[in-house]
Amino acid sequence: FKRGGGTVGGHDGYVQFDGVNDFLTVAYSPFLNSEEFTLVVACKNSDSSGVQPVITSTNASSVGYSFAINRGSSVGRFQWEGTGPTNTLNSDSSVSVQHNKHIFAVTMEDTNAPADAESDKVTFYVDGVPAETTSTDFAPNTSVSFDIGKDASNYFQGAIFEIAFYNRVLTADELEQVEGYLAR
């Protein structure tokens, strides 16, 4: 990890971000940008406005993916871009503004593997419950770092307890086990 602009504080098993200039960067790795993956994040947001970026892995053309909490509409949001326009999945349940830890998970399944990125299935979960599923196209980021706590213009304010990334789609049982562990 490489620290960004501010001093990211760690407290009792989590990392605190100030929403001003704190972020972490992980150097580009194909492992974090595969055609198929499962991303699980346990976090707690402490700001009541704006977009709160948790994970960003997009290049200059916005190809890749990001996860944020959209405070304006009180939902978790997973966004990605492939060969077409930007796609978004939102949680259908309200994400409390403060004081609540939530576990968000995304599975990106390449249903036409290994042929191309034209037939993918994305499922977004909030606290173990599928919030939305769609079929889409997805192209992974092929060159840029994996940022935690920021996107191009916003910073996350709150705590990130854990991030788990798997370069495959977890089964329902595996995902339940990971979410159970993170819920403690």
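Caption draft 1: View of the overall build of the chain. Helix and strand counts for the chain stand at one helix and 14 strands. Looking at the chain as a whole, 47% of its 184 residues qualify as buried. As displayed, the chain offers around 8400 Å² of accessible surface, 48% of which is attributable to carbon and sulfur atoms.

Caption draft 2: Up close: the packing of aromatic side chains. The tally for this structure, following the rule as stated, stands at 11 aromatic pairs. Where Phe37 meets Phe165, the ring centres are 5.3 Å apart and the plane angle is 20°; that geometry is what we call stacked. Of the two residues, Phe37 sits in strand 5 (residues 37-45) while Phe165 sits in strand 14 (residues 157-166), which places them 128 residues apart along the sequence. As far as the burial class goes, Phe37 and Phe165 line up, both buried. Taken together through their ring pairs, the aromatic side chains of Phe31, Phe37, Tyr65, Phe78, Phe146 and Phe165 make up a single cluster. The residue whose ring lies beneath Lys101 is Phe161, and the NZ or CZ to ring-centre distance is 4.8 Å. Sitting over the face of the ring of Phe23, Lys150 holds its NZ or CZ atom 4.9 Å from the ring centroid.

Caption draft 3: Representation of the nonpolar core. Ile55, Tyr65, Phe78 and Phe124 are the most contacted members of the largest nonpolar core, which totals 28 residues. Among the elements of the structure, strand 5, strand 6 (51-58), strand 7 (64-70), strand 8 (75-81), strand 10 (102-110), strand 11 (120-126), strand 13 (146-148) and strand 14 are those that each provide at least two residues to this core. Counting residues in hydrophobic clusters, the runner-up holds 10 residues, among them Val40, Ala42, Ala164 and Val178.

Caption draft 4: Up close: the pairing of strand 5. Burial runs high along strand 5: eight of the nine residues are buried. Here strand 5 runs beside strand 10; their pairing, made up of seven bridges, is antiparallel. Within strand 10, the position partnered with Cys43 by the bridge is His102. As paired strands, strand 5 and strand 14 are joined by eight bridges and run antiparallel to one another. For Asn45, the partnering residue across the bridge sits in strand 14 and is Gly158.

Caption draft 5: A look at the pattern of salt bridges. Overall, the coordinates contain two salt bridges when judged by the stated rule. The partner of Lys150 in a salt bridge is Asp147, and the shortest N-O contact between them spans 4.0 Å. With a relative accessible area of 11%, Asp147 lands in the buried category. The salt bridge partner of Glu174 is Arg168, with a shortest N-O separation of 2.9 Å. Under the relative-accessibility criterion, Glu174 is labelled partly exposed at 26%.

Caption draft 6: Structural view of helix 1 (residues 172-183). For helix 1, which comprises 12 residues, the first-to-last C-alpha distance of 16 Å matches the rise-based estimate of 16 Å (1.5 Å per residue) to within 8%. Every buried residue of helix 1 is listed here: Leu175, Val178, Glu179 and Leu182. The buried residues of helix 1 occupy an angular sector of 95° when the element is viewed end-on, so they sit on one face. Counted as exposed and oriented over 90 degrees from the buried face of helix 1: Asp173, Glu176 and Gln177. On its buried side, helix 1 packs onto strand 5, strand 10, strand 11 and strand 14.

Caption draft 7: Geometry of the pairing of strand 11. Counting buried positions over the seven residues of strand 11 gives six, a clear majority of the element. Bridge count between strand 10 and strand 11: seven bridges; the pairing is antiparallel. Of the residues in strand 11, the one forming a bridge with Val106 is Phe124. Here strand 11 pairs with strand 12 (residues 129-136) via seven bridges, running antiparallel. Note on strand 12: the bridge partner recorded for Lys121 is Ser135. A loop of two residues connects strand 11 with strand 12, the two strands running antiparallel in sequence, and Asp127 in this loop sits at a positive phi of about 50°.

About the cut-offs
Residues numbered from 1 in each chain as written. Predicted model: local features only at pLDDT ≥ 70, side-chain atom pairs only at ≥ 80, totals over all residues. Heavy atoms only, no water. Helix = DSSP H or I, 4+ residues; strand = E, 2+ residues; numbered from the N terminus. Buried < 20%, exposed > 50% of the residue type's maximum accessible area, 1.4 Å probe, protein only. Areas by Shrake-Rupley, 256 points an atom, 1.4 Å probe, with all protein chains shown as cover. Phe/Tyr/Trp six-rings, centres within 6.5 Å; stacked < 30°, edge-to-face > 60°. Lys NZ or Arg CZ within 6 Å of the ring centre and 35° of its normal. Core = buried A, V, L, I, M, F, W, Y, C linked by side-chain atoms within 4.5 Å. Pairing = 2+ DSSP bridges. Salt bridge = Lys/Arg side-chain N within 4 Å of Asp/Glu carboxyl O. Expected span 1.5 Å × (residues − 1). Arc of directions from axis to C-beta. Contact = heavy atoms within 4.5 Å.

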